[in-house]
Amino acid sequence: MGSSISRDGELRVLGDLCRALVMRGLCVQMRDAVPGLTITRAGGTTADVVGYVVVNRRKGEVSWWRVDNVHPVTDLDGAAERITAFMAESTAPDRQRSRP
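Residues numbered from 1 in each chain as written. Predicted model: local features only at pLDDT ≥ 70, side-chain atom pairs only at ≥ 80, totals over all residues. Heavy atoms only, no water.

## Notes on the packing of aromatic side chains
Okay, so step 1: Enumeration over the complete set of coordinates arrives at 1 aromatic pair.
Okay, so step 2: Note on Y52 and W65: the rings are 5.7 Å apart at their centroids and 5 degrees apart in plane angle, and the pair reads as stacked. Taken together, the residues span a long stretch of sequence, with Y52 in strand β3 (residues 49-56) and W65 in the loop between β4 (61-64) and β5 (66-72) at a distance of 13 residues.
Okay, so step 3: Here Y52 falls in the partly exposed class, since its relative accessible area comes to 39%.
Okay, so step 4: Note on W65: relative accessible area 46%, which makes it partly exposed. (Phe/Tyr/Trp six-rings, centres within 6.5 Å; stacked < 30°, edge-to-face > 60°. Helix = DSSP H or I, 4+ residues; strand = E, 2+ residues; numbered from the N terminus. Buried < 20%, exposed > 50% of the residue type's maximum accessible area, 1.4 Å probe, protein only.)

Okay, structure coming up:
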């Protein structure tokens, strides 16, 4: 289990993670209302959001899309790799062809 981090620490984690995700080719923006990141399809708007990333300050974990997708803030490169893989799998064309 991670350790508690400050609000400033949360913002630094999000900024560093945002850069790591952009370097991996994802379209990422910082959220205004609640600290976090949104991931959109390439060229998309907020209506095209396909992923959310937040920091659990109490546990020192990054979480994306579902509460069971977590990774410690002490390994942001590892978190970026896992988030990138999750986004590739969840937005793959064959996953979107589930209609008859």
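Read on, since the account is not over.
## Structural notes on the sheet that holds strand β1 (residues 27-30)
Consider a sheet: its strands pair through backbone hydrogen bonds, and that pairing is either parallel or antiparallel.
Okay, so step 1: The antiparallel open sheet is built from 5 strands, whose spatial order is β1-β2-β3-β4-β5. The sheet is open, and its two edges are formed by β1 and β5, each paired on a single side. Ignoring strand direction, the axes of neighbouring strands in this sheet form an average angle of 25 degrees.
Okay, so step 2: Relative to the sheet, helix α2 (residues 76-90) contacts β2 (37-40), β3, β4 and β5, its axis offset from that of β5 by approximately 145 degrees. (Pairing = 2+ DSSP bridges. Axes fitted to C-alpha atoms, helices over the stretch in contact; angles between N-to-C directions. Contact = heavy atoms within 4.5 Å.)

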